[in-house]
Amino acid sequence: MIPPKPISRPDRVSLWRYLRLFRQDILSAQPKRLYGAWMAEFRTPFFRSYLANDPTLVQTILRDRPRDFPKSDRIGEGLRPLLGQSVFLTNGTLWDHQRRIIDPAFERGRLTQSLPAMWEAGQAMVARVLDQIGTGTEIEIEEVASHAAADVIFRTLFSIPIEDRIAAQVFDEFRAYQRSQPILNLAAFIPLPRWMPRFHRAKTKRAAKRIRGLITQLVDQRKVAIADGTAPDDLATRIMTTPDPETGTCFTATEMVDQVAIFFLAGHETSASALAWALYCCAAAPDWQTLIADEAEALVDPKDVKRLTNSRDVFRETLRLYPPVPMMVRETTRAETFRKRAIPKAAQLVLSPWHLHRHTRLWDDPDSFDPSRWQSDATRQSAREAYMPFSAGPRVCPGAGFAMAEGPLLLSLLLRAVAVTPVPDKTPQPVAHLTVRARDGIWLRAQPRRSRATDSAI
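Everything numeric in this text was worked out from a predicted model, so none of it was measured.

What counts and how
- The numbers attached to residues start from 1 for each chain and follow its sequence in the written order.
- In keeping with the model being predicted, local features are shown solely for residues with a pLDDT of at least 70 and side-chain atom pairs are shown and tallied solely at 80 or more, while totals for entire chains, interfaces and linings include all residues.
- Where side-chain values are given, they derive from all heavy atoms of the structure, hydrogens and water being excluded.
- Secondary structure elements are taken from DSSP: a helix is a run of H or I of four residues or more, a strand is a run of E of two residues or more, and numbering for both begins at the N terminus.
- Only C-alpha atoms enter the radius of gyration, while the globule expectation follows 2.2 Å times N to the 0.38, with N the number of residues.
- Residue burial is assigned from relative accessible area. The probe radius is 1.4 Å, only protein chains are included, and a residue is buried under 20% of its type maximum, exposed over 50%, and partly exposed in between.
- Note on contacts: a residue pair is in contact if any heavy atoms of the two residues lie within 4.5 Å.
- In short, Shrake-Rupley with a 1.4 Å probe defines the accessible areas, and a residue's cover is counted only from the protein chains shown.
- N or O atoms closer than or at 3.5 Å make up a polar contact, with two conditions inside protein: a donor-capable atom paired with an acceptor-capable one, and, for residues adjacent in sequence, both atoms drawn from side chains.
- When the centres of two rings from Phe, Tyr and Trp lie within 6.5 Å, Trp using its six-membered ring, the rings pair. Their planes under 30 degrees apart give stacked, over 60 give edge-to-face, and anything left gives tilted.
- Whether a charge sits over a ring depends on NZ of Lys or CZ of Arg being within 6 Å of the ring centre and within 35 degrees of the ring normal.
- Should a side-chain nitrogen of Lys or Arg be within 4 Å of a carboxyl oxygen of Asp or Glu, the pair is scored as a salt bridge.
- By this rule the span expected of a helix is its residue count minus one, scaled by 1.5 Å.

**Student:** Hey, could you run me through the overall build of the protein in this one?
**Tutor:** A tally of regular secondary structure across the protein gives 17 helices and 11 strands. Expected size for 458 residues packed as a compact globule is a radius of gyration near 23 Å; at 22 Å, the protein falls within 12% of this value. Dimensions of the protein along its principal axes, counting C-alpha atoms only, are 65 × 55 × 40 Å. Relative to its 458 residues, the protein shows a buried fraction of 57%. Residue pairs at least 24 apart in sequence account for 74% of intrachain contacts in the protein once pairs closer than 6 positions are excluded. Accessible area of the protein: about 19,700 Å², with a carbon and sulfur share of 53%.

**Student:** Where do I start with the side chain of arginine 99 in this structure?
**Tutor:** Relative to the helices and strands, arginine 99 is located in helix H4 (residues 92-102). There is a polar contact of 2.7 Å between the side chain of arginine 99 and the side chain of aspartate 103. A distance of 3.1 Å separates the side chain of arginine 99 from the backbone oxygen of valine 396, its partner in a polar contact.

**Student:** Is there a simple way to explain the packing of aromatic side chains in this structure?
**Tutor:** Any two aromatic rings considered together are summarised by their centre-to-centre distance and by the angle between their planes. Within the structure shown, the criterion is met by 10 aromatic pairs. Ring geometry for phenylalanine 106 against phenylalanine 263: centres 6.0 Å apart, planes inclined by 65°, an arrangement best described as edge-to-face. One end of the pair, phenylalanine 106, is in the loop between H4 and helix H5 (108-111); the other, phenylalanine 263, is in helix H11 (residues 253-284), and 157 residues separate them in sequence. For phenylalanine 263, a relative accessible area of 11% gives the class buried. Taking 6.3 Å as the distance between ring centres and 75° as the angle between the ring planes, the aromatic pair formed by phenylalanine 106 and phenylalanine 402 counts as edge-to-face. Within this pair, whereas phenylalanine 106 is found in the loop between H4 and H5, its partner phenylalanine 402 is found in helix H16 (residues 400-417), the two being separated by 296 residues in sequence. Of the two residues, phenylalanine 106 and phenylalanine 402, both sit in the buried class. Linked through ring pairs, Trp277, Tyr280, Tyr322 and Trp354 together constitute an aromatic cluster. Across from the ring centre of tryptophan 363, 5.2 Å away, lies the NZ or CZ of arginine 320, which sits over that ring.

**Student:** Before we go on, may I ask you to explain the pattern of salt bridges in this structure?
**Tutor:** Opposite charge on two side chains permits them to pair, given that their charged atoms come into close proximity. Taken as a whole and judged by the stated rule, the model has 26 salt bridges. Linking arginine 334 and aspartate 68 is a salt bridge whose minimum nitrogen-to-oxygen distance equals 3.8 Å. On the criterion of sequence distance, the pair formed by arginine 334 in the loop between strand S4 (328-331) and strand S5 (336-338) and aspartate 68 in the loop between helix H2 (55-64) and helix H3 (73-83) is long-range, its members being 266 residues apart. Residue classification places arginine 334 among the partly exposed positions, given a relative accessible area of 42%. Under the relative-accessibility criterion, aspartate 68 is labelled buried at 18%. Aspartate 304 is paired through a salt bridge with arginine 307; the nearest N and O atoms lie 3.7 Å apart. According to the relative accessible area criterion, arginine 307 is exposed, its value standing at 58%. By sharing partners, the salt bridges in this structure join Arg65, Asp68, Arg334 and Glu336 into a single network.

**Student:** Sorry if this is basic, but what is going on with H16 here?
**Tutor:** Here H16 is 18 residues long and its end C-alpha atoms lie 26 Å apart, about the 26 Å a rise of 1.5 Å per residue gives. Across the 18 residues of H16, 17 count as buried, placing the element largely inside the fold.

**Student:** Which parts of the structure should I look at to understand the environment of glutamine 217?
**Tutor:** Here glutamine 217 shows up in helix H9 (residues 202-228). Classification of glutamine 217 as partly exposed rests on a relative accessible area of 32%. When the C-alpha positions of glutamine 217 and isoleucine 166 are compared, they lie 8.3 Å apart, and in sequence the two are 51 residues distant. The residues touching glutamine 217, leaving out its near neighbours within four places in the chain, are Arg165 and Ile166.

**Student:** Which parts of the structure should I look at to understand H2?
**Tutor:** Every α-helix carries 3.6 residues per turn, so stepping three or four residues along brings you back to the same face. Where H2 is concerned, the buried positions are Pro55, Leu57, Val58, Thr60, Ile61 and Leu62. Against the buried residues of H2 lie strand S1 (39-43), strand S2 (48-52), S4, S5, strand S7 (348-351) and helix H15 (380-385). With a side-chain oxygen positioned 2.9 Å from the backbone nitrogen of threonine 56, the residue opening H2 is aspartate 54.

As structure tokens, then:
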């Protein structure tokens, strides 16, 4: 099965045309040749940008010399009103400090403590979907995935379900924030001096302010509960009570708001994207859907997630084809020479999971949906060198293990209860702004696999 991907632009276009295409969709603004290139250069009057697909270069930038290639401010410029000084945007000693506090909360041993909350969110998702579809109907699956992913975040972070008043408000406001296309900021294209104001869209600033205000209420409430000794042992409590082992300091309330904002952005938006595309791929590949549904019949406990081999392979393959964050940008701190090409200081280095995961020289049949490749010896080198849905190296997403438990679990719980098939004439078209989503949503026909009476008895 070959799932949809964006149509590439012509190889040469004007800067004005490129900017217009970029505004519509980051992916279709790129030329087809990038799927087979080791490196490509893009010049504008304002900056030079270099796409690095060579696994050796990716290794150098992300793993061997990450300090020499900090995150570029270009993409972060548009996200700053919401994310402040979150770990997603910082570099250097501040980033080190933040990761020393955050990483322990996501260690493998502590991940199991979040599994019951994921399980509860998954069961709530199944109940909502079954109520919505009755005996069978068309549903927009991205909305289902977004709701479920947000529920997981609130249950694991603050021990509250999505139905909680503040949680529901954050979810609604975040959808308004997404629609404002926050990364489309002038400073993303033109290097502006620090003193110059950033011209964020009014809708972006308003939505970010409302979201941060709501998160501040949750953080303030948790501070009181920690002081009283009544706080639950969830991710928020663990992070807020963990001191930096080098400085002995914990996050301030403002710093914690910054981190919660990125946890919601990364943990909700990216998880929702991956889950929605996984459900579409399963709808279009019914044999794999059946394997997952059959495998999920043995699910009786959250810890059973480790046994979901088929679901995990489907989720890995979905992340290969539809990496939620399709591109990441680093910046050179000095002049470099890559592949005999002179790279100036302050150049933009684009690392593209989207193109790397579909590279014609690195993967067999790269555009095909084939979860079985993850059990093949032939895939091992590609998986090691050309697969980075969560980035790689020191800046790898701290929630990668969390996501790889959440995704297969939610996918299995839903497909155990509901069968999905594609809707004719509604093939989803991938576009990328914040994450890889479908232009007009992902519509599937869904119907229960068993009667509600039978389902409730299991």
